[in-house]
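What the coordinates show
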Amino acid sequence: MVTKPLSFGPPDIPASPRRTHLGLVGLQVTWSPVEAPASRQEQPCSDFLEFPGNRWESVGKPLATVEIGAHPVATSLSFMEMSLNTSELGPGMEPEPTEKQQPESLPKPSGPGPDLDEGADLQAVPLPAEKAELLLEQKPELDWASGQHAEPTGAMELQESSSVGWDSPLRRSSTEVSQKHRCHTNCLEAPLSRAFRWLGWEVGSHPWVFLLVPILLTTTLTTGFIYLPKDEEEDLEEQYTPVRSPAKGERRFVQGHFTTNDSFHFSIFRMSSEVQFASILVVSNSDTVLKQEILSEVSRLDSAVQALNATQEDGTPILFSQVCAKNQGICVPSNPLLFAWQVNKKLDLKSITFPIYIQNSQPVSLAGTLGGTILGKQMGTNYLLLQAKAMRLQYYLRTQEKENNEHSKRWLIHFLDEFSNIEESLALKMIQVVYFTSLSRQLEFEATSKTVIPLFYVAYFLIILFSIASCYRCDCVRNKIFVAVFGVISTAFAVLSGFGLMLFIGVPFVTIIKNAPFLVLGVGVDDMFIMISGWQKTKLVNSIRHRLSRTYSKVAVSITITTVTNILAFYTGIMTSFRSIQYFCIYTGTTLFFCYLYTITCFGAVLALDGKREVACLRWLKKPDMADKKCSSLKRCCCLPFDSLPDELETDIHPMNLFFRDYFGPFLTSNKTKFFVVLLYISYLISSIYGCFQVQEGLDLRNLASDDSYITPYFDVEEGHFPRYGPKVMVIVTETLDYWDKDARQKLEKCLADFENNGYVDKALTEFWLREYVQYMKDKKQDINDKNTFMKSISSFFVDFPHFKYDVNISSSHEIISSRAFIQSIDISTSTKKKKMLIQFRDLAKNCEIPLMVYNPAFIYFDQYTAIIENTIRNVIVASAAMFVVSLLLIPHPLCSLWVTFAIGSVIVGVTGFMAFWKVNLDSISMINLVICIGFSFDFSAHISYAFVSSSQPSVNLRTIEALYMLGYPVLQSAISTIIGVSVLSAAKAYIFRTFFKIMFLVMVFGAAHGLIFIPVFLTFI
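Conventions and cut-offs
Residues numbered from 1 in each chain as written. Predicted model: local features only at pLDDT ≥ 70, side-chain atom pairs only at ≥ 80, totals over all residues. Heavy atoms only, no water. Patch = residues over 30% accessible without salt bridge, like charges linked within 9 Å, V, L, I, M, F, W, Y side chains within 5 Å. Areas by Shrake-Rupley, 256 points an atom, 1.4 Å probe, with all protein chains shown as cover. Salt bridge = Lys/Arg side-chain N within 4 Å of Asp/Glu carboxyl O. Lys, Arg positive; Asp, Glu negative; His and termini not counted. Charge placed at Lys NZ, Arg CZ, Asp CG, Glu CD. Helix = DSSP H or I, 4+ residues; strand = E, 2+ residues; numbered from the N terminus. Buried < 20%, exposed > 50% of the residue type's maximum accessible area, 1.4 Å probe, protein only. Disulfide = S-S within 2.5 Å. Arc of directions from axis to C-beta. Polar contact = N/O pair within 3.5 Å; in protein donor to acceptor, adjacent residues only side chain to side chain. Core = buried A, V, L, I, M, F, W, Y, C linked by side-chain atoms within 4.5 Å.

Structural notes on a negative patch on the surface
A surface patch of negative charge is lined by Asp738, Asp741, Asp743 and Glu815. Along the chain, the position of Glu815 falls in the loop between β18 (808-810) and β19 (816-826).

Structural data, given as structure tokens:
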């Protein structure tokens, strides 16, 4: 027989040995008094139940010993929070085996507590097998955070006050009903809980170690910020377009097969990539710009721009004539019609045709150069131009050589700096102007990203205030103000560590990553609230190590589940085709890991140290009042509003928990409310599905700048006055073709005609060298069908038409290995039309008998419209599947996993649908948030549904009320803290940051609505 000293706290135990029966496990316990060493008589009661070695020992006033005989069965004693379960012991301790068994048959007392018979020398005796089995099936209420047996705040009080004993028929029947519907899959949950119990014991034993080591780790990893890029430009194409974009492969083909010359034969639509340029849109204050006086004012503006001179670092001037793209030795005109007027001021502005204007017997395309046009009668394939509200001035610069490219950039920067001065000096009265350059998106994007930095401080300040308000108590013992503040600080440590590590190992830092600290802040504070909630469910009378061990066993598994799911949700984003998304997910997922690590180590250590403060504060309050009245008054103030000491043997019940139990839960489970909730959900679902079909796809590049940027009015004017003409698209023959063969030419012409008959093409503006060459050969009366004649005459054709030589790639063996035509796209002002046009063009090229390819540099950005849906669906499916697997492994209820999956799908549909109502596009930015949506919707729904299926209440309504009582306030805190964390982004001037706020707001609102309203009601129907 093994005798272990055990202290039960304040209640007096008679001096004589007494016998009791542990009804839960069929064991009888012998109680006998022991004497405590004199040196330990004065120890505070909060220090009892220490676990030195492998003994239960009291460091307070030892009152009794317990003799445990019979079988070394894992037991649980629910009397004054004491437990003999092996999982409740200190780390590494197991019950010692008994040396001999002395069974004694005694009647089993009733009731949940010990029944001590005076003078009896009783020992533990096993109950009959069938009775012990029945009793072992009985389980205390499950704690919401981890599924461990616990007494949730307030729930235990109800249980203890009940007259229904553990063995009563009522209790047995209700338990059997609840057990009937349970299917446990806790293969990982139980071992994790034991591991965290051990960790909590270690943290409680050595708090300073677990506090200082994370701080030292943070200090070390913060050195990675020396690698933070400062002046390095962020490549927007690389970061915000699909990595495996088809257009990028098409560009490589064009660059490998066709040449260009921006110094002598510049042609913008023959360029394989974007070039440097400055653009000015001129809008007439009258009905048209086609007036002499208005063109005169536009001409003065044009001359002023071309007169700008930038300077190199050594002071050498950079003239416009040195950096401009040239055609046949002169700078490409900014506008062909303006150039014709400048050459001939007597030009008849009423006889101009559109879109092709004949100047000196040469056709000149005006498509895209004039906007807001009103056309008159048809003249051949053209129309008489009556009015034009706007005019585009385009200044193309040389970019092919590195030195020229650097000079062009300097000239553009000088243009941006001086344009407002030019506009002011010219005192333009008849026109309004807006401007843009090829550098504008990059420069404005970098400037916008800097404006969000001050919002970090505002967000952290607001979260600290919210944490203080949530954790404030009116008595100085239970108050958690400083713990809450440190919880926010530990989240900041996680951001520094995660970002520092990623920078140290060389993961690129892009602007969108600046959203991550706001998100991590909300998640970290959520974990803090859960930890504090678990700590407050422990009793002051227990030791620090025991309280923290118990807290970890109950809440650490919950934190682990939500952290694993959130990290998985982010790491699935690595599969996306957008670099910026990949880097954001890597940074955020890693930072969330550090947030979790610091929560269970650093923050747990702070809880342990604060527990010591609680003991010291309670000891001070318990001291007898001295003559000093101020001290007595101060004590009363510390105990407001009750003017009494906190009960050491009771847990802390937050008023919001009582609100969910006494008011919100009963209201939600009434029949009228259920009917209204079902109608509300149907309306929500219908609205969401409708919105999903209205969502616009793709990232509008203007949204990379701030709202007050000069590029915003530029794009507004362009959309308003130049919506008709899009980019000129290359149609490329990718393989060797016998162009002199009539059948081959007919096949090619048929394919080209299919393009021209497409609704997104203006056939009058098609440009194809072969058509011109066939006409050229007819004029020369030469046989176009003869190979030798065809190949010999083509060089003279290029002399007369020099631009066409850049459209034909002739090998050294005199074979045409590739060539290209150009078609003019029209009516693609919206992202949906751009996507349809791109898909139709590629389908036409694929279906042609001749191997064709379509390309324009703008297709690299258009590809995001086709990739975004595919990437979003793939990421959502993979992340949702990962959530389902994790929930099956870590949450011991398959039914809970099904409800979690349902909630994830419902929230995603809602967020996607309401994006359209809030004018948020489905782009790379919002796609991140939809992945985040999966993790957060999992968090909200998993806790509520798990608490429901774990409840032992006899009716579904009572189980719903209990779930809301235990989890309603933590879920609400989680939603509010995250909304506060990202709410400051609503004040940002940039779309990229406001979008993050909008979608996170929708995620939090819909996720909380599912967790607190929809899921609880739907669970009552099963």
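Here the narrative resumes.
Here's the deal with the pattern of salt bridges
One pass over the full model with this rule turns up 24 salt bridges. Its salt-bridge partner being Arg251, residue Glu237 comes within 2.7 Å of it at the nearest N-O pair. With Glu237 in helix α6 (residues 236-240) and Arg251 in helix α7 (residues 246-257), the pair connects residues that are 14 residues apart, well separated along the chain. In this pair, the class of Glu237 matches that of Arg251, namely buried. Glu870 serves as the salt-bridge partner of Arg874, at 3.5 Å between the closest nitrogen and oxygen. Of this pair, Arg874 and Glu870 both sit in helix α26 (residues 859-890), four residues apart, which is roughly one turn of the helix.

A few points about the state of the cysteines
A complete count under the given rule lists two disulfides for this structure. The partner cysteine of Cys324 in its disulfide is Cys331, sulfur to sulfur 1.8 Å. Looking down the S-S bond of the Cys324 and Cys331 bridge, the torsion is -60 degrees, so its handedness is left-handed. Shown here is the disulfide that connects Cys751 with Cys848, its sulfur atoms set 1.7 Å apart. Sign of the S-S torsion, about 90 degrees for the bond between Cys751 and Cys848, identifies this disulfide as right-handed. Placement of Cys751 in helix α22 (residues 742-756) and of Cys848 in the loop between α25 (831-847) and β20 (852-855) is noted, with a sequence separation of 97 residues between them. The class of Cys848 is buried, set by a relative accessible area of 11%.

Here's the deal with helix α10 (residues 336-343)
Note on helix geometry: an α-helix contains 3.6 residues per turn, so any two residues three or four positions apart are oriented the same way. Every buried residue belonging to α10 is among Leu337, Leu338, Ala340 and Trp341, and all of these are buried. All buried residues of α10 fall inside an arc of 160 degrees around its axis, so they share one side. Residue Asn335 occupies the N-cap position of α10, its side-chain oxygen lying 3.0 Å from the main-chain nitrogen of Leu337.

A look at the nonpolar core
Judged by nonpolar contacts, the single largest core of 149 residues is most densely connected at Ile512, Ile513, Tyr552, Phe584, Val911 and Ile932. With 19 residues, helix α30 (residues 991-1019) is the largest single contributor of residues to this core. Counting residues in each nonpolar core, the second largest holds 68 residues, with Val298, Phe320, Ile422 and Val434 among its members.

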